[in-house]
Amino acid sequence: QVQLVESGGGLVQAGGSLKLSCAASGRTFSTYHMGWFRQAPGKEREFVASITGSGGNTNYADSVKGRFTISRDNAKNTVYLQMNSLKPEDTAVYYCAAGLISHSYHYWGQGTQVTVSS
């Protein structure tokens with residue numbers, strides 16, 4: 001079992017930055033692929049970014065490439081999402097997720113709200 005707790009969301013003006021964190025329980029954090037997803041009101045949940053267990057490979061949705069950066073600190077059991085040049089369309093609840101297989105996530109956090117004002 002892995003428990004995930006996101007933090008760092010909030011209200012920011014367009015063009016601003018936020019850094020989300022996701023703290024994971026357990027002693028096998030480095031074996032998990034980690035991902036960030038988001039869901040805006042009235043929309044389907046969508047993929048944002050992912051990172052392999054070692055941190056050596058990352059993947060991003062086209063909509064956030066060049067603006068968002070996913071990283072992890074396995075010593076702290078934490079994955080991060082640095083979000084720069086935020087746009088109103090980035091407004092959503094952001095979730096982190098963990099899985100033993102790439103793009104197959106079994107554990108989810110409760111989400112953190114990000115609101116970008118224009």
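See the structure above.
The sections below set out a description of the structure shown in this document. (Residues numbered from 1 in each chain as written. Predicted model: local features only at pLDDT ≥ 70, side-chain atom pairs only at ≥ 80, totals over all residues. Heavy atoms only, no water.)

### Comments concerning the overall build of the protein
Piece 1. Helix and strand content of the protein: zero helices and eleven strands.
Piece 2. Starting at the N terminus, the α and β elements of the protein follow one another as β-β-β-β-β-β-β-β-β-β-β.
Piece 3. Its C-alpha atoms give the protein a radius of gyration of 13 Å, near enough to 13 Å, the size a compact globule of 118 residues would have.
Piece 4. When its C-alpha atoms are laid out on the principal axes, the protein stretches across 40 × 25 × 25 Å.
Piece 5. Burial analysis of the protein (118 residues in total) assigns 44% to the buried set.
Piece 6. Restricting the contact set of the protein to residue pairs at least 6 apart, pairs at least 24 apart contribute 55%.
Piece 7. Total accessible area on the protein is roughly 6100 Å²; 47% of this is exposed by carbon and sulfur atoms. (Helix = DSSP H or I, 4+ residues; strand = E, 2+ residues; numbered from the N terminus. Rg over C-alpha atoms; globule rule 2.2 N^0.38 Å. Buried < 20%, exposed > 50% of the residue type's maximum accessible area, 1.4 Å probe, protein only. Contact = heavy atoms within 4.5 Å. Areas by Shrake-Rupley, 256 points an atom, 1.4 Å probe, with all protein chains shown as cover.)

### A short note on the side chain of Ser50
Piece 1. Tracing the backbone through its elements, the reader meets Ser50 in strand β5 (residues 46-51).
Piece 2. On the basis of relative accessibility, which here comes to 7%, the residue Ser50 falls in the buried class.
Piece 3. Among all residues touching Ser50, those that are not within four sequence positions of it are Met34, Gly35, Asn57, Thr58, Asn59, Ile70, His103 and Tyr105.

### Examining the environment of Ser71
Piece 1. With respect to the helices and strands, the residue Ser71 is situated in strand β7 (residues 68-73).
Piece 2. Spatially, the C-alpha atom of Ser71 lies 22 Å from that of Glu89, the residues being 18 residues apart in sequence.
Piece 3. Contact partners of Ser71, with chain neighbours within four places excluded, come to Ile51, Val79 and Tyr80.

### A short note on the pairing of strand β11 (residues 112-117)
Piece 1. In β11, alternate side chains face the same way, and those of Thr112, Val114 and Val116 are buried while those of Gln113, Thr115 and Ser117 on the opposite face are not.
Piece 2. Bridging between strand β2 (residues 10-13) and β11 involves four bridges; their strand directions are parallel. Bridge pairing in β11 links Leu11 to Thr115.
Piece 3. Note that strand β9 (residues 92-99) and β11 share three bridges and pair antiparallel. The residue of β11 that forms the bridge with Ala92 is Val114. (Pairing = 2+ DSSP bridges.)

### Focus: the state of the cysteines
Piece 1. Taken as a whole and judged by the stated rule, the model has one disulfide.
Piece 2. Linked covalently through their sulfurs, Cys22 and Cys96 form a disulfide whose S-S length is 1.9 Å. Taking the torsion about the sulfur-sulfur bond, which here is approximately 45°, the covalent link between Cys22 and Cys96 counts as right-handed. Here the residue Cys22 occupies a position in strand β3 (residues 18-24), and Cys96 occupies one in strand β9, the gap between them amounting to 74 residues. (Disulfide = S-S within 2.5 Å.)

These values are about where atoms sit, not about what they do.
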